[in-house]
Amino acid sequence: MAAYTDAHAKAGINAPLPKLETWPNQFQGYTITTRVPEYTSICPKTGLPDYGAISIEYEPRDVCMELKSLKIYLLGYRNLGIFYENAVNRILRDVVAATKPVSCTVRGEFTPRGGLSTTVEAHWPPRSASRTTRRRLA
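Residues numbered from 1 in each chain as written. Predicted model: local features only at pLDDT ≥ 70, side-chain atom pairs only at ≥ 80, totals over all residues. Heavy atoms only, no water.

## Thoughts on helix H2 (residues 67-75)
To keep it simple, the criterion reads: We call a residue buried when its accessible area falls under 20% of the maximum for its residue type, exposed when it is over 50%, and partly exposed in between, using a 1.4 Å probe and counting protein chains only. Secondary structure elements follow DSSP: runs of H or I no shorter than four residues count as helices, runs of E no shorter than two count as strands, and numbering proceeds from the N terminus. The directions from the helix axis to the C-beta atoms are what the arc is built from. In protein, a polar contact means a hydrogen-donor-capable atom and an acceptor-capable atom, both N or O and within 3.5 Å, with residues adjacent in sequence counting only if both atoms are side-chain atoms; elsewhere, any N or O pair within 3.5 Å suffices.
Within H2, burial applies to Ser69, Leu70, Tyr73 and Leu74. The buried residues of H2 occupy an angular sector of 135 degrees when the element is viewed end-on, so they sit on one face. Every exposed residue of H2 that faces more than 90 degrees away from the buried side is listed here: Lys68 and Lys71. Among the residues of H2, the N-terminal cap falls to Glu66, whose side-chain oxygen and the backbone nitrogen of Lys68 are separated by 3.2 Å.

## Considerations on the pattern of salt bridges
Under the convention used in this document: Put simply, a salt bridge is a Lys or Arg side-chain nitrogen that is within 4 Å of an Asp or Glu carboxyl oxygen.
The tally for this structure, following the rule as stated, stands at 5 salt bridges. Of the charged contacts in the structure, one is a salt bridge between Asp94 and Arg90, with a shortest N-O distance of 2.8 Å. Within this pair, Asp94 and its partner Arg90 are both found in helix H3 (residues 84-99), separated by 4 residues, close to a single helical turn. Of the two residues examined, Asp94 and Arg90, each falls in the buried class.

## A short note on the sheet that holds strand S6 (residues 116-124)
Here is the rule: The pairing criterion for strands is at least two bridges between them, as found by DSSP. Every angle, taken between N-to-C directions, lies between 0 and 180 degrees, and every axis is a line fitted to C-alpha atoms, over only the stretch in contact when it is a helix.
Spatially, the 4 strands line up as an open sheet ordered S2-S3-S5-S6, and their pairing is antiparallel. On the outer flanks of this sheet lie strand S2 (32-42) and S6, each paired with one strand and no other. Recorded for the sheet is a direction-independent mean angle of 15 degrees between the axes of neighbouring strands. One ladder, built from 8 bridges, connects strand S5 (residues 103-113) with S6; its direction is antiparallel. Bridge pairing in S6 links Phe110 to Thr118.

Everything listed here is a matter of geometry and, on its own, says nothing about what the molecule does.
Written out as structure tokens, the structure is:
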């Protein structure tokens, strides 16, 4: 099998996907968790399907994510070649850009392949960011 390339590593990161829509939030200080148990995408190296569950947990600021647009957005991954790690981080990037939340965590739990299951979790603000950086990003 051929070696991994930069093209494999970057596959899908900037691919066009449906827009995430929002609606005005009416309350503060609560958390929304949405779980999508039937996520699918394509491995950019092998072309084989990847399956998993995606959970998005965020504390809304001024807007909330519209769920039908989220469903359509995630269906955009169905035929997209993208690694698990990139998919989770891309979803986080797009959710944060659309909602500008207080905080957000995206977790991908991917089904076993070859006896290995993988869980990828990405956070905003990043856990390693200092308080000063977090304030600047908000």
